[in-house]
Amino acid sequence: MWKWISIAIIVVILLVLAILFSRIRLKLDIAKHDNDDRAHLEIRFLYGMIKMNYDVPAILITGLKKGLLYRLDRNKNIHKMDASVDSGNIDTEKIKQFIHDVRVLLKGTKSFNRWLRHTLAHVTMSKMEWSTNISLADAAYTATSTGILWGLKTTLIGFASSFVRMDCTPKLYVVPYWVDRLRFTTTLNCEANVSLGYLMFSMLILSYRIWRVPGGPEAWKRVFFKKPEDIQANSES
């Protein structure tokens, strides 16, 4: 009997270690071809046994008042038949609400920025490809915009590499279109991964930092479990 109990304990320990040493893998694909905008996010963990897919097949900028309209599709998440479609808009009021929520979380967490930097330092970027084609209907303007885009891309990649580990050489392309009409296309493909065990440890550290601040847990509850009337009151204030 003790033999089978020992075997069961060893199997459980090996399963726990296998889970802790597994990695969460993220794959992001963004494409914009003139007026066609699409984005796809795939999350895989537990050695690919669980997959989550999110698609944004439509993005429409309607102006400052209505903001940005989007549609979010959840496809084959955990269960093969699990799928749903959400739609909404991101306007100035929601941006203000987001900034307000971020300030509340920062006040309700001890050294949140330090925790975030330490967590991102364990994220490994394994693939980064960013290609852009542009035309401003004028050769001089197109050439100038090409140089600006090169500078912008290198700056953004350099900024990102100061937070996450770059395990690849980023492939950046900016190709001018020498045509007499406006045209803009861009595709971004990147893959990243992080240890599931470290992520769980990081969540424990975050919980500890929240509990160390008086009123910290209540602040997080207000942000993530807010009622519609609370959102309206914050927007009006």
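How each quantity is defined
Residues numbered from 1 in each chain as written. Predicted model: local features only at pLDDT ≥ 70, side-chain atom pairs only at ≥ 80, totals over all residues. Heavy atoms only, no water. Salt bridge = Lys/Arg side-chain N within 4 Å of Asp/Glu carboxyl O. Buried < 20%, exposed > 50% of the residue type's maximum accessible area, 1.4 Å probe, protein only. Phe/Tyr/Trp six-rings, centres within 6.5 Å; stacked < 30°, edge-to-face > 60°. Helix = DSSP H or I, 4+ residues; strand = E, 2+ residues; numbered from the N terminus. Lys NZ or Arg CZ within 6 Å of the ring centre and 35° of its normal. Polar contact = N/O pair within 3.5 Å; in protein donor to acceptor, adjacent residues only side chain to side chain. Axes fitted to C-alpha atoms, helices over the stretch in contact; angles between N-to-C directions. Parallel < 35°, antiparallel > 145°, perpendicular 65-115°, else oblique. Left-handed = near helix turned anticlockwise from the far one by under 90°. Contact = heavy atoms within 4.5 Å. Nonpolar A, V, L, I, M, F, W, Y, C, P; charged D, E, K, R; others polar. 1 Å grid on protein atoms, 1.4 Å probe; cavity = no way out; pocket = protein on both sides within 12 Å on 5 of 7 lines; lining within 4 Å. Points joined across faces, edges and corners; volume = space filled by probe spheres on them. Core = buried A, V, L, I, M, F, W, Y, C linked by side-chain atoms within 4.5 Å.

*Asks:* Describe the pattern of salt bridges, with residues and values.
*Replies:* Per the stated rule, a full pass over the model turns up one salt bridge. Between Glu42 and Arg44 there is a salt bridge, with the nearest N and O atoms lying 3.1 Å from each other. Judged by relative accessible area, Glu42 falls into the buried class, the value being 19%.

*Asks:* Summarise the packing of aromatic side chains; cite the residues concerned and give the values.
*Replies:* Scanning the entire structure with this criterion turns up five aromatic pairs. Their ring planes at 50 degrees and their centres at 6.5 Å tell us that Phe112 and Trp220 sit as a pair that is tilted. A residue pair is termed long-range when its members are at least 10 positions apart, and Phe112 in helix α3 (residues 112–120) and Trp220 in helix α6 (residues 216–224) qualify at 108 residues. The buried category is assigned to Phe112, whose relative accessible area is 17%. With centroids separated by 6.1 Å and ring planes inclined at 50 degrees, the aromatic side chains of Tyr198 and Phe201 adopt a geometry described as tilted. Highlighted residues: Tyr198 and Phe201, both in helix α5 (residues 196–211), separated by three residues, approximately one helical turn. Pairwise contacts between aromatic rings join Phe112, Trp115, Trp220 and Phe224 into one cluster. Sitting over the ring of Tyr177, Arg183 keeps its end group 4.5 Å from the ring centre.

*Asks:* Residues and numbers for the side chain of Asn53, please.
*Replies:* Inspection of the secondary structure assignment puts Asn53 in strand β3 (residues 50–61). Here His40 takes part through its side chain, which lies 3.5 Å from a polar atom of the side chain of Asn53.

*Asks:* Describe the packing of helix α2 (residues 92–107) against α6, listing the residues and the values that go with them.
*Replies:* One way to put it is that α2 packs onto α6 with a least axis distance of 8 Å and a crossing angle of 160 degrees. Classified by the interaxial angle, the pair formed by α2 and α6 is roughly antiparallel. In this structure, the crossing between α2 and α6 has a hand that is left-handed. Across from Asp101, Val104 and Leu105 in α2, the residues of α6 making contact are Ala219, Trp220, Arg222, Val223 and Phe224. The residue inventory of the contact of α2 with α6, partitioned by class, reads six nonpolar, no polar and two charged.

*Asks:* Run through the side chain of Ser135, naming residues and quoting values.
*Replies:* Relative to the helices and strands, Ser135 resides in strand β6 (residues 124–136). A residue is classified by how much of its surface remains accessible, and Ser135, at 1% relative accessible area, is buried. Looking at Ser135, its side chain comes within polar contact range of the main-chain oxygen of Val179, at 3.1 Å.

*Asks:* Could you give an account of the layout of surface pockets, naming the residues involved and the relevant values?
*Replies:* Gaps left between atoms show up when a probe the size of a water molecule is rolled over them. If you add up the space inside the largest pocket, you get close to 250 Å³. As for the largest pocket, its lining consists of 13 residues, and the residues nearest its centre are Leu28, Met125, Met128, Cys190 and Ala192. The biggest single contributor to the lining of the largest pocket is strand β9 (residues 182–195), with four residues. Here the lining of the largest pocket is built from residues that sort into eleven nonpolar, no polar and two charged.

*Asks:* How would you explain the nonpolar core if you had to name every residue and give the values?
*Replies:* Of all hydrophobic cores here, the largest spans 17 residues; its most connected members are Ile24, Val123, Met125 and Met128. Of all elements in the fold, only β6 and β9 reach the threshold of two or more residues within this core. No other element matches the four residues that β9 contributes to this core. With near-sequence residues (within four places) excluded, Met128 lies in contact with Ile157, Cys168, Thr169, Pro170, Lys171, Leu188, Asn189 and Cys190. By size, the runner-up hydrophobic cluster in this structure holds nine residues, among which are Val104, Ala219, Trp220 and Val223.

*Asks:* I'd love a proper account of the environment of Leu196, names of residues and values included.
*Replies:* Tracing the backbone shows Leu196 in helix α5. Taking the C-alpha atoms as reference, Leu196 lies 9.6 Å from Arg25; in sequence the two are 171 residues apart. Sequence-distant contacts of Leu196, defined by excluding residues within four places in its chain, comprise Ile19, Leu20, Ser22, Arg23, Ile24 and Leu46.

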